Structures are given as structure tokens and as C-alpha cells.
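This is what each chain is made of:
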Amino acid sequence: MATKFAAIPWRVGQRSALRQALESSLKRLQAERVDLYQIHWSLPLLDDRAWLRAMADAVREGLVGAVGVSNYGPTRLRAAHRRLTDLGIPLATNQIEYSLLQRKPERSGLVELCRELDVTVIAYSPLAQGMLTGKYAPGRPPPGIRRLRYQRFLSRLPALIATLTQLGADHGGKTPAQVALNWLIAHGTVPIPGAKNADQAQHNAGAVGWSLTPDQVQALDQLRR
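Residues numbered from 1 in each chain as written. Predicted model: local features only at pLDDT ≥ 70, side-chain atom pairs only at ≥ 80, totals over all residues. Heavy atoms only, no water.

A.B. asks: Requested: an account of the layout of surface pockets, with residues and values cited.
C.D. replies: By volume, the largest pocket amounts to about 590 Å³. Lining of the largest pocket is provided by 21 residues; of these, Leu127, Gly130, Thr133, Gly194 and Gln200 occupy positions nearest its centre. Here the lining of the largest pocket gets three residues from one element, more than from any other, and that element is helix H10 (residues 198-205). Tallied by class, residues from the lining of the largest pocket come to nine nonpolar, nine polar and three charged. By volume, the second largest pocket is sized at about 260 Å³. Together, 13 residues line the second largest pocket, and Asn71, Ile96, Lys104, Pro105 and Leu110 are the ones closest to its centre. Mapped onto the lining of the second largest pocket, the elements with two or more residues apiece are strand S4 (91-97) and helix H4 (104-107). Classifying every residue of the lining of the second largest pocket gives seven nonpolar, four polar and two charged. (1 Å grid on protein atoms, 1.4 Å probe; cavity = no way out; pocket = protein on both sides within 12 Å on 5 of 7 lines; lining within 4 Å. Points joined across faces, edges and corners; volume = space filled by probe spheres on them. Helix = DSSP H or I, 4+ residues; strand = E, 2+ residues; numbered from the N terminus. Nonpolar A, V, L, I, M, F, W, Y, C, P; charged D, E, K, R; others polar.)

A.B. asks: For the pattern of salt bridges, give the residues involved together with the corresponding values.
C.D. replies: Between side chains of opposite charge, a pair can form as their charged atoms come close. Applying the stated criterion across every chain yields a total of twelve salt bridges. The salt bridge involving Arg19 is made with Glu61; its shortest N-O contact spans 2.8 Å. Of this pair, Arg19 sits in helix H1 (residues 15-29) while Glu61 is found in the loop between helix H2 (49-60) and strand S3 (64-70), placing the two residues 42 residues apart along the sequence. Taking relative accessible area as the criterion, Arg19 reaches 27% and is therefore assigned partly exposed. Glu97 is the partner of Arg149 in a salt bridge, and the nearest nitrogen-oxygen pair spans 2.5 Å. Here Arg149, found in helix H6 (residues 145-149), pairs with Glu97, found in strand S4; they are 52 residues apart in sequence, far enough to count as distant. (Salt bridge = Lys/Arg side-chain N within 4 Å of Asp/Glu carboxyl O. Buried < 20%, exposed > 50% of the residue type's maximum accessible area, 1.4 Å probe, protein only.)

A.B. asks: If you had to explain a positive patch on the surface to someone new, which residues and values would you point to?
C.D. replies: Together, Lys104, Arg107, Arg152 and Arg156 line one region of the surface with positive charge. You can see Lys104 is positioned in helix H4. Owing to a relative accessible area of 54%, Lys104 belongs among the exposed residues under this scheme. (Patch = residues over 30% accessible without salt bridge, like charges linked within 9 Å, V, L, I, M, F, W, Y side chains within 5 Å. Areas by Shrake-Rupley, 256 points an atom, 1.4 Å probe, with all protein chains shown as cover. Lys, Arg positive; Asp, Glu negative; His and termini not counted. Charge placed at Lys NZ, Arg CZ, Asp CG, Glu CD.)

A.B. asks: If you had to explain the sheet that holds strand S6 (residues 190-191) to someone new, which residues and values would you point to?
C.D. replies: One open sheet holds the six strands; their spatial order is S1-S2-S3-S4-S5-S6, and the pairing between them is parallel. Sheet topology places strand S1 (2-6) and S6 at the edges, where each strand pairs with a single neighbour. The pairing of S1 with strand S2 (residues 34-40) spans five bridges and is classified as parallel. In the strand pairing of S2, Phe5 is matched with Ile39. Against the sheet, H1 touches S1, S2 and S3, its axis set at about 135° to S2. (Pairing = 2+ DSSP bridges. Contact = heavy atoms within 4.5 Å. Axes fitted to C-alpha atoms, helices over the stretch in contact; angles between N-to-C directions.)

A.B. asks: I'd like a description of the nonpolar core, backed by residues and values.
C.D. replies: By size, the foremost hydrophobic cluster in this structure holds 63 residues, and its most contacted members are Tyr37, Leu77, Leu101 and Leu132. Setting aside chain neighbours within four positions, we find Leu77 in contact with Val69, Tyr72, Leu91, Asn94, Leu110, Leu113, Cys114 and Leu117. (Core = buried A, V, L, I, M, F, W, Y, C linked by side-chain atoms within 4.5 Å.)

A.B. asks: Any details on empty space enclosed by the protein? Residues and values, ideally.
C.D. replies: In total, this model carries one cavity of 30 Å³ or more according to the counting rule given. Considering only enclosed or pocket space, the largest cavity measures out at about 40 Å³ in volume. Taken together, the residues of the lining of the largest cavity sort by class into six nonpolar, one polar and two charged.

A.B. asks: Go over helix H3 (residues 74-86), please, and point to the residues and values.
C.D. replies: With 13 residues, H3 ought to run about 18 Å at 1.5 Å a step, and its terminal C-alpha atoms sit 18 Å apart, in line with that. All of the buried residues along H3 are Arg76, Leu77, Ala79, Ala80, His81 and Leu84. Directly beyond the C-terminal end of H3, a positive phi value near 80° is found at Gly88. (Expected span 1.5 Å × (residues − 1).)

Nothing here speaks to function; it is all geometry.
Pasting the structure below:
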């Protein structure tokens, strides 16, 4: 069970704000502890030191199993890791947007830094908001703001989906989405695809229990680049 603390400006420097938010979450969840508690977002002008100290206190008191952050870039991640280490608490996770269509965490060095610091990457939007499922194409663009965001990818999407489909066929008929998720797992991340119903959850689960070969992983790496 995981949840987050909203790093909003009026909570800056308030160690008690995190504790109050955590206790409120535990009450709503009807739980005595949460396995993972994360600081959500990293805003350049917000100092997170008080919140990190409060997170460490919560771990010592048994209210939190592990401490994580979300959307932290390399500089803020390294600083948070150092501060928590000084408090005797490991930084467990960094939840970031990462997929075959979102490779910025690789280009910035963030993924490699997470490996160096032994911080697990939790990949949100691992299917690029449905773009990697095969549902969309140049003649079938996604609706709303997603259409604008992914417009530049649409012309190249069929080739990528075709490759995912072929790789899936090599593994007993896995779907493009399952291959895309398995690619993230091969890179040592924990992808968290959304599911609106039981069928979607079951389909997502088809991404585990098998592995792309190293050559296949490399082929996908190079194809997107």
C-alpha cells in the first residue's frame, strides 16, 4: 500500500504538516501503517528538508515502511538521498514518468543515478496514456489533450507498434502493451499501469512471468532513439 504527501507551498518547512497528512491518510485507509510514503513532486523553490525529517520519524515509529519521492530530477534526488542517509533512512523509490515514448529520464541521467543510489524507479504512464497499446494510429488519434501531446509521435507509432507486436508473437502472443511493460521491467523499474476494470488489470499482469531477451531489449532501446 502506497500513498503520497502533497508538497504544496503553504506546507513548506512544516514538519507537522507531513505528519498530519500521513495520519489523515491512515485514518481514511483504515490502516496502522503504509508500506511506502512518497513526497509528491519536486518544486525548485520548495525546501523538503523538514518533510524528509518527518518521513524518517514516521519510519522509526512504524507508521511508514519505506520512504520515496516522486518526480525528483537528478539534483534533488541526490540531495534527498544524502539527507535521508544522514538520518539513517534509505531512500527507496522515485516515481517518474517513463516509457518507450518518454525517455527523458534516460537522457538526463536520472535512471542511471537511481541505479547508482539503489533507488527503485516506479514508472508511471508506462503505456504513454494508451499510446503503446495499439489503440491509436495516425488515423485514430487519442482524444483531448493527449492528441496534442502525442501528435509528433503519431506518424512513427505504427512502426513501433508493429515491432512490439512481433516481439510479443515471439513470446506466445503477448500484446504490444505487455511487451512495453516488460521492457520497463527489463530496465529494473516497477511500472504501474492504470486499470479501469478487472480485465485491464488481468491484461497488465500478462507483462510478468516472462522476459524479453537482451537482444530484444536492445532493439527496442535503439528503435525509439
